[in-house]
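What follows is the residue order along each chain.
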Amino acid sequence: MYDVIIVGAGPAGLSAAITCREWDLHVLVIDEFVKPGGRLLGQLHEEPNGEWWNGIEETKQLMDKAESLNTDIRCGISAHHLEKVKDHHFIVHTNKGNFEAKNLLIATGAAETAAPVPGWTLPGVMSIGAAQVMTNVHRVRVGEKGIVIGVNVLSAAIARELQLAGVNLHSMMLPAMNSVTKEHAHPKKVMDGLSRIAHLAPSAFLRFGSRFTKSDFVRKLATQFYPKSGVKMWGMPIHLRKAVTEINGKDRVESVTVFDITADGKLIKGTERRIEVDFVCIAGGLYPLAELAAVIGLPFQYLEELGGHVPVHNKKMETPIDGVYVAGNITGIESAKVARAQGTVAGLSIAKKHVDGKADLDYRLLKAIEQVKTIRNEATIQFHPHISEGREKIEQAFRRIVHS
Amino acid sequence: MTNNRRIVDHPVLGKLSDRKEITFTYDGQTYTGYEGDTIASALLANGVRTLRVHEESGKPRGIYCNIGHCFECRVTVNNETGVRACLTEIKDQMVVESGRVLPSPLASTEHDTLPRTYAEFVKQQEEEKGEV
């Protein structure tokens, strides 16, 4: 029996595994992708200080460390069920058989929210994250010319990555408003999100000044005055007053139908036209991937600040089920750096229970929790402006449940 | 194998290192990919987007999420059905087949005669009683 099984070999899972191995715990890490790294693998962006955040390199560093500690990491294993037999005895059901452990860490990360547009099942339509992995991890071009539907923090960052790799993007625009796409189809709401990444766009945005004038420029972008030709970010137009109503094609994507829209997202009659593309990326943002937390019976809270339904947990990454821990994007959508720091916290929490007489573990755990906060405050990409409040709410939920 | 679908040179990630070439078949046709490719990436690099058709409607489908969440890329690999092309590493001599239309034994053949609403059901029942 393992001391701990970690589900997910992303930044959270790997850093937790490293910490657990440092305290000599018997660890197994499983992941269903072909290589470790999770969503970190595809990430590639320039930090405000000019340095590149290269997910492949970051993963390699984690893996080197994990390997130097002889960590058992197995890819191509899909967990579909977690079972609690008794206190500190869990079974992980996978496509490669069952594994048993005294503790579980669920670090399954995030999935992409669908923002369906008619025609979205055609081959050539994919999530923006799919294009990211194809481009940066597999190094395969997703098409000759494409369009991004959905303007948000994630899609702007990945659109930039596609450009870097020489993939031709026509533009980014909104999905037409329907019962599912509401939030993503409203220009004013999308603008709020865009303002949070203004400081990441070197060319166009920086001409208007540094961080200090950022809000000034964003005001200029006010949806009512949003230019017809869009605002260019890295030379690519971002349209908030145009929406895709349909993706067309017989056996594959051939074109998209586009309308001009009002500041409230309503289609303007007579503005319909077609744009020829051979691929389409749909970007609806991320939500915590938490099915495994649900099947083992963890309680959930819906917190918009954290990106959706998250399993109840505390700062130590403990859950109301003794022996079950969570870390990374399953606890709320944040950057890979935060996930990595949370993994260390989870690893120390697990080690604390199994290593007797090491008083400084308490101190290290406190330090690691502080580190998560520091990294959160310094984050270049804020997925949600009120993330800290969301974190406080989930902490309160944990206290309510544990003390009742 | 060279084609312009591979991103060989990347300004930040660098040049693709030489990888071992692998041969596999997809729906009977032979393709080449590289060691480390998934079925999905190897096929896309060969210009193949359609990985299956919808089991009932026959409409074409390809990758959607590319990391195993959506199950849109189900193919048959060495006779094992329902394998996710985006999560499966391509192996030399692998036999990959696209997902096909399946028979629907439970599909109704009596569209015209079956009641569509409860009201129609009641009416039909009454008519049948009347006949008896």
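What you see is a predicted model; the values in this text were computed from it and never measured. (Residues numbered from 1 in each chain as written. Chains lettered and ligands numbered in written order. Predicted model: local features only at pLDDT ≥ 70, side-chain atom pairs only at ≥ 80, totals over all residues. Heavy atoms only, no water.)

### Structural notes on the interface of chain A and chain B
Inference 1: Between chain A and chain B, the contact holds 40 residues from the first and 37 residues from the second.
Inference 2: When chain A packs against chain B, close to 3,300 Å² is buried across both sides, 58% of that on carbon and sulfur atoms.
Inference 3: For Asp278(A), the salt bridge identified is with Arg49(B), shortest N-O distance 3.9 Å.
Inference 4: For the side of chain A that touches chain B, the secondary-structure elements that each account for two or more residues are strand E4 (52–54), strand E9 (110–112), strand E10 (125–127), helix H3 (128–137) and strand E17 (279–282) of chain A.
Inference 5: A total of 6 residues in the side of chain A that touches chain B trace back to one element, the largest contributor, which is H3(A). (Contact = heavy atoms within 4.5 Å. Buried area = accessible area lost by both parts, 1.4 Å probe. Salt bridge = Lys/Arg side-chain N within 4 Å of Asp/Glu carboxyl O. Helix = DSSP H or I, 4+ residues; strand = E, 2+ residues; numbered from the N terminus.)

### Considerations on unusual backbone geometry
Inference 1: The phi torsion at Met317(A) lies on the positive side, around 70 degrees, for a residue other than glycine.
Inference 2: Assignment of secondary structure puts Met317(A) in the loop between strand E20 (308–311) and strand E21 (324–326).
Inference 3: Of the residues examined, Met317(A) reaches a relative accessible area of 5% and is grouped as buried.
Inference 4: Residue Asn78(B) is not a glycine yet carries a positive backbone phi of 45 degrees.
Inference 5: With respect to the helices and strands, Asn78(B) occurs in the loop between strand E7 (74–77) and strand E8 (80–84).
Inference 6: Judged by relative accessible area, Asn78(B) falls into the partly exposed class, the value being 46%. (Buried < 20%, exposed > 50% of the residue type's maximum accessible area, 1.4 Å probe, protein only.)

### Considerations on the nonpolar core
Inference 1: If you look at the biggest cluster of nonpolar residues, it comprises 83 residues, and the most contacted ones within it are Ile247(A), Val256(A), Val280(A), Phe24(B) and Ile39(B).
Inference 2: In this structure, this core is formed jointly by two domains, domain 1 (2–111 + 287–403) and domain 2 (114–282) of chain A, each of which donates at least three residues.
Inference 3: Setting aside its immediate chain neighbours within four residues, Val256(A) contacts Ile147(A), Val244(A), Glu246(A), Ile247(A), Asn248(A), Arg273(A), Arg274(A), Ile275(A), Val277(A) and Val280(A).
Inference 4: Ranked by size, the runner-up nonpolar core spans 41 residues in total, among them Ala9(A), Leu62(A), Ala107(A) and Val338(A). (Core = buried A, V, L, I, M, F, W, Y, C linked by side-chain atoms within 4.5 Å. Domains from an automatic or database assignment.)

### Regarding the domain arrangement of chain A
All names here are of chain A.
Inference 1: Domains assigned within chain A are domain 1 (2–111 + 287–403) and domain 2 (114–282).
Inference 2: Every contact between the two is made by 16 residues of domain 1 and, on the other side, 12 residues of domain 2.
Inference 3: Buried surface at the junction of domain 1 and domain 2, summed over both partners, amounts to about 1,400 Å²; 64% is from carbon and sulfur atoms.
Inference 4: If you look at where domain 1 meets domain 2, you find 0 salt bridges.

### What about the pattern of salt bridges?
Inference 1: What the rule picks out here adds up to 29 salt bridges over all chains.
Inference 2: Between Asp24(A) and Arg21(A) there is a salt bridge, with its nearest N and O atoms 3.7 Å apart.
Inference 3: Taking the relative accessible area as the measure of exposure, Asp24(A) reaches 59% and is therefore exposed.
Inference 4: Two residues, Arg100(B) and Asp27(B), come together in a salt bridge whose shortest N-O distance is 3.2 Å. Placement of the pair is Arg100(B) in the loop between strand E9 (95–98) and helix H2 (118–131) and Asp27(B) in the loop between strand E3 (21–26) and strand E4 (29–34), with a sequence separation of 73 residues.
Inference 5: Residue Asp27(B) is classed as partly exposed on the basis of its relative accessible area of 37%.
Inference 6: Here the salt bridges share partners, and the residues they tie into one network are Arg52(B), Glu55(B), Arg61(B), Glu72(B) and Arg74(B).

### Re the packing of helix H10 (residues 336–354) of chain A against helix H11 (residues 360–378) of chain A
Residue and element names in this part refer to chain A.
Inference 1: Between H10 and H11, whose axes approach to 9 Å, the crossing angle comes to 165 degrees. Between H10 and H11, the crossing angle belongs to the class labelled roughly antiparallel. Pair H10 / H11 crosses with left-handed handedness. Along the contact surface, H10 presents Lys-337, Val-338, Ala-341, Gln-342, Thr-344, Val-345, Leu-348, Ser-349, Ala-351 and Lys-352, while H11 presents Leu-361, Asp-362, Arg-364, Leu-365, Ala-368, Ile-369, Val-372, Ile-375 and Arg-376.
Inference 2: Classifying every residue of the contact of H10 with H11 by side-chain character gives 11 nonpolar, 3 polar and 5 charged. (Axes fitted to C-alpha atoms, helices over the stretch in contact; angles between N-to-C directions. Parallel < 35°, antiparallel > 145°, perpendicular 65-115°, else oblique. Left-handed = near helix turned anticlockwise from the far one by under 90°. Nonpolar A, V, L, I, M, F, W, Y, C, P; charged D, E, K, R; others polar.)

### Considerations on helix H1 (residues 11–22) of chain A
Every α-helical turn comprises 3.6 residues, leaving residues that sit three or four positions apart pointing alike.
Residue and element names in this part refer to chain A.
Inference 1: In a regular helix each residue adds 1.5 Å, so 12 residues correspond to 16 Å; H1 covers 17 Å between its end C-alpha atoms and thus fits that length.
Inference 2: Here H1 lies mainly inside the structure; 11 of its 12 residues are buried.
Inference 3: Listed as buried for H1 are Pro-11, Ala-12, Gly-13, Leu-14, Ser-15, Ala-16, Ala-17, Ile-18, Thr-19, Cys-20 and Arg-21.
Inference 4: Those residues of H1 hidden inside the fold are in contact with strand E1 (2–7), strand E2 (27–31), helix H2 (55–68), strand E5 (72–75), strand E8 (97–106) and H10. (Expected span 1.5 Å × (residues − 1).)

### Looking at the environment of Lys84(A)
Residue and element names in this part refer to chain A.
Inference 1: Structurally, Lys-84 is set in strand E6 (residues 79–86).
Inference 2: Judged by its relative accessible area of 37%, Lys-84 is partly exposed.
Inference 3: For the pair Lys-84 and Tyr-302, spaced 218 residues apart in the sequence, the C-alpha separation amounts to 24 Å.
Inference 4: For Lys-84, the contacting residues outside a window of four places in its chain are His-89, Phe-90, Ile-296 and Ile-321.
Inference 5: Only 3.2 Å separates the side chain of Lys-84 from the side chain of Asp-87, close enough to count as a polar contact. (Polar contact = N/O pair within 3.5 Å; in protein donor to acceptor, adjacent residues only side chain to side chain.)

### So, the sheet that holds E4(B)
All names here are of chain B.
Inference 1: With mixed pairing, the 5 strands of this open sheet are ordered in space as E4-E3-E9-E7-E8. Edge positions in the sheet fall to E4 and E8, since each of these pairs with one other strand and no more. Geometrically, the sheet is characterised by an average inter-axis angle of 40 degrees between neighbouring strands, direction not taken into account.
Inference 2: With 6 bridges joining them, E3 and E4 adopt antiparallel strand pairing. Opposite Glu-21, over in E4, you have Tyr-34 as the bridge partner. (Pairing = 2+ DSSP bridges.)

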